[in-house]
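Coordinate inspection notes
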Amino acid sequence: MVNENNLMSRVRVAVEWTFGKISGLYKFISFFKGQQLQKSTIAKQYTIACLLANCNTCLYGSQHNLSRSFDIEPPSLEDYLSQ
């Protein structure tokens, strides 16, 4: 169990960095008081924020060197958007 936790911790940290990047780029996503269930389109807003954050990563790379951690480079913006 300890080994499995160690293996997953790297991925968990990467996911937390991604959430942090999205909330850092798009502050309205973290504004909970303005996000009321069935009165806002938070799911659509978050989906678009993820898409734009991914575009940002394609253009400028990862702020936490995720590419190096997982030994993979982000695709070009054209490749990403054509999929």
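Everything below is about the structure shown above.
The present account deals with the structure reproduced in this document.

Calculation rules
Residues numbered from 1 in each chain as written. Predicted model: local features only at pLDDT ≥ 70, side-chain atom pairs only at ≥ 80, totals over all residues. Heavy atoms only, no water. Helix = DSSP H or I, 4+ residues; strand = E, 2+ residues; numbered from the N terminus. Buried < 20%, exposed > 50% of the residue type's maximum accessible area, 1.4 Å probe, protein only. Contact = heavy atoms within 4.5 Å. Areas by Shrake-Rupley, 256 points an atom, 1.4 Å probe, with all protein chains shown as cover. Phe/Tyr/Trp six-rings, centres within 6.5 Å; stacked < 30°, edge-to-face > 60°. Core = buried A, V, L, I, M, F, W, Y, C linked by side-chain atoms within 4.5 Å. Patch = residues over 30% accessible without salt bridge, like charges linked within 9 Å, V, L, I, M, F, W, Y side chains within 5 Å. Salt bridge = Lys/Arg side-chain N within 4 Å of Asp/Glu carboxyl O.

1. Thoughts on the overall build of the protein chain
Along the backbone of the protein chain there are 4 helices and 0 strands. If you list the helices and strands of the protein chain from N to C, you get α-α-α-α. Taken across its 83 residues, the protein chain has 16% of its residues classed as buried. Counting only contacts in the protein chain whose residues sit at least 6 apart along the sequence, the fraction spanning at least 24 positions is 56%. For the protein chain, the exposed surface amounts to about 6,700 Å²; the carbon and sulfur share of it is 60%.

2. With respect to the packing of aromatic side chains
Here the structure, examined in full by the defined rule, presents 1 aromatic pair. With 6.3 Å between their ring centres and 35 degrees between their planes, F19 and Y46 make a pair best called tilted. Of the two residues, F19 sits in helix 1 (residues 2–25) while Y46 sits in helix 2 (residues 42–60), which places them 27 residues apart along the sequence. Overall, the relative accessible area of 47% leaves F19 in the partly exposed class.

3. Re the nonpolar core
Among the nonpolar cores identified, the biggest contains 5 residues, and these are I22, Y26, I29, A49 and A53. When residues no more than four places from it in sequence are discounted, the contact partners of Y26 are A49, L52 and A53.

4. Digging into the environment of L25
Locating L25 in the fold gives a position in helix 1. Put simply, L25 and L52 are 27 residues apart on the chain and 9.2 Å apart in space, counted from C-alpha to C-alpha. For L25, the residues in contact, after removing those within four places along its chain, are A53 and N56.

5. Regarding a nonpolar patch on the surface
Together, L7, M8, V11, V15, F19, F70 and I72 give the surface a local cluster of nonpolar side chains, amounting to about 650 Å² of exposed area. With 5 residues, the top contributor of residues to the nonpolar patch is helix 1. Relative to the elements of secondary structure, V11 occurs in helix 1. According to the relative accessible area criterion, V11 is partly exposed, its value standing at 35%.

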